[in-house]
Amino acid sequence: MKRIASFITLSVLLGVGSLLLAAGPDRFSRNTWLAPDFAAHWWLAALAFVALGWGLPIVKIRILARWQGTTPTVRQAWFVHVSTVFGSAVTPSGTGGAPAMVMALHRYGLLYG
């Protein structure tokens, strides 16, 4: 669990650091991120899109792996997705995402080719 937490922490720090370098420190002011109104439907929509953003890749990985004869658990599929995100974040042009996914899938029983 510590390993997964460190992957998530590193991913968030890389994202925030990239935003700081690309857009400057004024993007972190309170007025930039303050919603114009605090209607509950906007917050619920935002939470739903975040859940879909993390949930749909897990479903996709499980469906594709099932067609190959193995069924990873939800946690294993989540780890495969996080490995892909992490591999893309630490390599130039995101070239490490696919190899990280292949290695993680192989770790859970899917053959290479």
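See above for the structure.
Fair warning: this is a prediction, and the values are worked out from it, not measured in the lab. (Residues numbered from 1 in each chain as written. Predicted model: local features only at pLDDT ≥ 70, side-chain atom pairs only at ≥ 80, totals over all residues. Heavy atoms only, no water.)

1. Here's the deal with helix α1 (residues 2-23)
Then step 1. The end-to-end C-alpha distance of α1, which contains 22 residues, comes to 31 Å, matching closely the 32 Å that a straight helix rising 1.5 Å per residue would cover.
Then step 2. Looking at the residues trailing α1, positive phi occurs at Gly24, about 90°. (Helix = DSSP H or I, 4+ residues; strand = E, 2+ residues; numbered from the N terminus. Expected span 1.5 Å × (residues − 1).)

2. Quick word on the packing of helix α4 (residues 74-90) against helix α5 (residues 97-107)
The relative placement of two packed helices comes down to the angle between their axes together with the axis-to-axis distance.
Then step 1. It is the contact of α4 with α5, at a shortest axis distance of 7 Å, that shows an interaxial angle of 155°. Taken together, the axes of α4 and α5 lie roughly antiparallel to each other. When you trace α4 past α5, the crossing you get is right-handed. Contacts from Phe79, Val80, Ser83, Thr84, Gly87 and Ser88 of α4 reach α5 at Gly97, Ala100, Met101, Ala104, Leu105 and Arg107.
Then step 2. Classifying every residue of the contact of α4 with α5 gives six nonpolar, five polar and one charged. (Axes fitted to C-alpha atoms, helices over the stretch in contact; angles between N-to-C directions. Parallel < 35°, antiparallel > 145°, perpendicular 65-115°, else oblique. Left-handed = near helix turned anticlockwise from the far one by under 90°. Contact = heavy atoms within 4.5 Å. Nonpolar A, V, L, I, M, F, W, Y, C, P; charged D, E, K, R; others polar.)

3. Considerations on the nonpolar core
Then step 1. Within the largest apolar cluster, twelve residues are counted, these being Ile4, Phe7, Ile58, Ile61, Ala77, Phe79, Val80, Val82, Phe86, Ala104, Leu105 and Leu110.
Then step 2. Elements supplying a minimum of two residues to this core: α1, α3 (40-67), α4 and α5.
Then step 3. Ranked by the residues each element gives to this core, the list is headed by α4, at five residues.
Then step 4. Setting aside chain neighbours within four positions, we find Phe79 in contact with Arg3, Ile4, Phe7, Ala104, Arg107 and Tyr108. (Core = buried A, V, L, I, M, F, W, Y, C linked by side-chain atoms within 4.5 Å. Buried < 20%, exposed > 50% of the residue type's maximum accessible area, 1.4 Å probe, protein only.)

4. A short note on the side chain of Thr70
Then step 1. Here Thr70 lies in the loop between α3 and α4.
Then step 2. Contacts of Thr70, omitting those with residues within four sequence positions, involve Ala65, Tyr108 and Leu110.

5. Here we look at α3
Then step 1. Given a rise of 1.5 Å per residue, 28 residues ought to cover 40 Å, and the 40 Å separating the end C-alpha atoms of α3 matches this to within 8%.
Then step 2. Of all the bends found along α3, the most pronounced is centred on Gly53 and spans about 25°, while Pro57, a proline, follows it within four residues.
Then step 3. Buried residues in α3 make contact with α4 and α5.
Then step 4. One or two positions beyond α3, positive phi appears at Gly69, with a value near 100°. (Bend = angle between axes of the 7 residues up to and from the residue.)

6. Re the packing of α1 against α4
Then step 1. Two elements in contact, α1 and α4, have axes whose closest approach is 10 Å; the angle formed by their N-to-C orientations is 35°. The two elements α1 and α4 cross, and the hand of that crossing is left-handed. Every residue of α4 that contacts α1 at Arg3, Ile4, Phe7, Ile8, Leu10, Ser11 and Leu14 is listed here: Arg75, Trp78, Phe79, Val82, Val85, Phe86, Ala89 and Val90.
Then step 2. Counted by class, the contact of α1 with α4 contains twelve nonpolar, one polar and two charged residues.

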